[in-house]
2 protein chains.
Amino acid sequence: MGAQSFSEQFSDKDMRMTKQRKWVYEVFSESEVPLSAEKIYRTLINEEKSISLSTIYRILRFFTTKGVITRGATTDHHKAVYELRRTEHKHHLVCVGCEKVVAVNNCPVQSYQESLQKSTRFDITEHRLAFFGYCPDCQGGRESKKNK
Amino acid sequence: MGAQSFSEQFSDKDMRMTKQRKWVYEVFSESEVPLSAEKIYRTLINEEKSISLSTIYRILRFFTTKGVITRGATTDHHKAVYELRRTEHKHHLVCVGCEKVVAVNNCPVQSYQESLQKSTRFDITEHRLAFFGYCPDCQGGRESKKNK
DNA sequence: TTCTATGCAAAAATTTTGCAATCGT
DNA sequence: ACGATTGCAAAATTTTTGCATAGAA
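The following refers to the structure shown.

What counts and what doesn't
- Residues numbered from 1 in each chain as written.
- Chains lettered and ligands numbered in written order.
- Predicted model: local features only at pLDDT ≥ 70, side-chain atom pairs only at ≥ 80, totals over all residues.
- Heavy atoms only, no water.
- Pairing = 2+ DSSP bridges.
- Helix = DSSP H or I, 4+ residues; strand = E, 2+ residues; numbered from the N terminus.
- Axes fitted to C-alpha atoms, helices over the stretch in contact; angles between N-to-C directions.
- Salt bridge = Lys/Arg side-chain N within 4 Å of Asp/Glu carboxyl O.
- Phe/Tyr/Trp six-rings, centres within 6.5 Å; stacked < 30°, edge-to-face > 60°.
- Buried < 20%, exposed > 50% of the residue type's maximum accessible area, 1.4 Å probe, protein only.
- Lys NZ or Arg CZ within 6 Å of the ring centre and 35° of its normal.
- Least-squares fit on C-alpha atoms with pLDDT ≥ 70 in both.
- Contact = heavy atoms within 4.5 Å.
- Expected span 1.5 Å × (residues − 1).
- Arc of directions from axis to C-beta.
- Core = buried A, V, L, I, M, F, W, Y, C linked by side-chain atoms within 4.5 Å.
- Near = heavy atom within 4 Å.
- Polar contact = N/O pair within 3.5 Å; in protein donor to acceptor, adjacent residues only side chain to side chain.
- Nonpolar A, V, L, I, M, F, W, Y, C, P; charged D, E, K, R; others polar.

**So, the sheet that holds strand β5 (residues 101–104) of chain B**
Across the sheet, 6 strands lie side by side as β5(A)-β4(A)-β6(A)-β6(B)-β4(B)-β5(B); this open sheet has mixed pairing. Two strands bound the open sheet, and with one partner strand each, they are β5 (101–104) of chain A together with β5 of chain B. In this sheet, adjacent strand axes meet at a mean angle of 25° when their direction is disregarded. One ladder, built from 4 bridges, connects strand β4 (residues 91–95) of chain B with strand β6 (residues 123–134) of chain B; its direction is parallel. Within β6(B), the position partnered with V94(B) by the bridge is F132(B).

**Quick word on the pattern of salt bridges**
Residue and element names in this part refer to chain A. For the structure on display, the rule yields 4 salt bridges over all chains. Notably, a salt bridge pairs E38 with R42, separated by 3.3 Å at the nearest N-O pair. Of the two residues, E38 and R42 are both situated in helix α3 (residues 37–46); the distance of 4 residues between them amounts to about one turn of the helix.

**Some thoughts on the packing of aromatic side chains**
Taken as a whole and assessed by the stated rule, the structure comprises 6 aromatic pairs over all chains. Ring centres 6.1 Å apart and planes at 45° place the aromatic pair F62(B) and F63(B) in the tilted group. An identical accessibility class is assigned to F62(B) and F63(B); each is buried. Through a chain of ring-to-ring contacts, the aromatic side chains of Y25(A), F62(A) and F63(A) assemble into a single cluster. Taking the ring centre of F132(B) as reference, the NZ or CZ of R128(A) above it sits at 4.0 Å. Taking the ring centre of F62(B) as reference, the NZ or CZ of R21(B) above it sits at 3.7 Å.

**A few points about the relation of the copies chain B and chain A**
Overlay of chain B on chain A (RMSD 0.1 Å): rotation 180°, translation along the axis 0.0 Å. Such a combination of turn and shift is consistent with a two-fold rotation axis. When C-alpha distances to the rotation axis are compared across chain B, the minimum falls at L129(B), with a value of 2.2 Å. By residue overlap, the copies meet face to face through one surface: 100% of the interface positions of chain B are interface positions in chain A.

**Overview of helix α4 (residues 53–65) of chain A**
All names here are of chain A. For α4, with 13 residues, the first-to-last C-alpha span of 19 Å sits near the 18 Å given by 1.5 Å per residue. When we look at burial in α4, the residues that qualify are I56, I59, L60, F62 and F63. With its buried residues spanning 170° around the axis, α4 presents them on a single face. Set apart from the buried face of α4 by more than 90 degrees, the exposed residues are R58, R61 and T65.

**Digging into the nonpolar core**
Counting 26 residues, the largest nonpolar core has F131(A) and F131(B) as the members making the most contacts within it. Beyond its immediate chain neighbours, meaning those up to four positions away, F131(A) contacts H92(A), L93(A), V94(A), Y112(B), Q113(B), L116(B), I124(B), E126(B) and H127(B). Within the second largest apolar cluster, 20 residues are counted, among which are M15(A), F28(A), I40(A) and V68(A).

**With respect to the protein's contact with DNA strand D**
Looking at DNA strand D, there are 21 residues lining it, with R16(A), Y57(A), R16(B), Q20(B) and T55(B) nearest. A share of 61% is what sugar and phosphate atoms reach among the atoms of DNA strand D within 4 Å of the protein. Here a phosphate oxygen of DNA strand D sits 3.4 Å away from a polar atom, N or O, in the side chain of R61(A). Backbone polar atom of S50(B) to a phosphate oxygen of DNA strand D: 3.4 Å apart, as the coordinates give it. Residue classes in the surface near DNA strand D are distributed as 5 nonpolar, 9 polar and 7 charged.

**Side note on the interface of chain B and chain A**
Contacts between the two partners involve 37 residues from chain B and, on the opposite side, 37 residues from chain A. The tally of links between chain B and chain A comes to 7 residue pairs in polar contact (both at pLDDT 80 or more). Put simply, the parts of the chain that give the side of chain B that touches chain A at least two residues each are β4, β5, α5 (110–120) and β6 of chain B. Considering each element in turn, the side of chain B that touches chain A owes the most residues, 12 residues, to β6(B). Broken down by class, the residue content of the side of chain B that touches chain A amounts to 20 nonpolar, 11 polar and 6 charged. As defined by bridge partners, strand β6 (residues 123–134) of chain A adjoins β6(B) across 11 bridges and the pair is classed as antiparallel.

See below:
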């Protein structure tokens, strides 16, 4: 949905198309929320796909330098999380009670970004925005039903 | 400057006012940008203040649960970064070339947040927004003069 | 074939924890 | 004095790296 297919994005000659890279890419494109290395690892292992964690870290760095993913607003304890740089971009609404993450489709800062670009002379390539609070289930009680 | 003084914020009875907590708080209030545990540690050690890194991690967690600070959009390699929850809130513009961080004072999402709160029924307590790109010095050459 | 990417295991970096001693109230 | 907080050192967790092998072009 908006994210191009793996082979469309990676016609680069210096980018080999391995099954591990394809798997990691697929996990990202099927996720609405940012993912940690370990989460990706567990997802793939669950799908009977054999891959090593260090390979995932290397792919994460590789995708990051290629601009395919970015490190997102960190939500998963102390692990770093990443997400696809989709063409239509998304933001997130995170419940600090149960850590549920909901995707927000609108982007209220696009035009602001343009004016900021002019006033600061930065060449702004992206932004990240996330909202935090309590979801309907966690209000009142403020209970913490971690769904980790 | 928006951030209240240490003793103003912490009149709580279950919050002891130790010098370590005061130091860490001061480091935050003198910084315009998010900080990692190690950065705080080095800052304090440089000022001849004796503190241990594990104490800083504990204070970070303590301040977070008290709502004094929050984990910010991560910029410092793989370390977690935190920033004060000031009353007048700020966002950041980060250069991905040299890692310079500039504070942005406007907030273009306040009213959007209110409508999001209605449509999602979340009780939204905060948001984080950061912009990324190349500062004037790092444009063109795209050189990376890390000022770490 | 050639050169890059992977897997494994070991290392490095970051964060957390147990326990005795210290400090704030 | 009492109970919470600190420092130290050790443990746990997360991320990176070296090297031999496998795999893509």
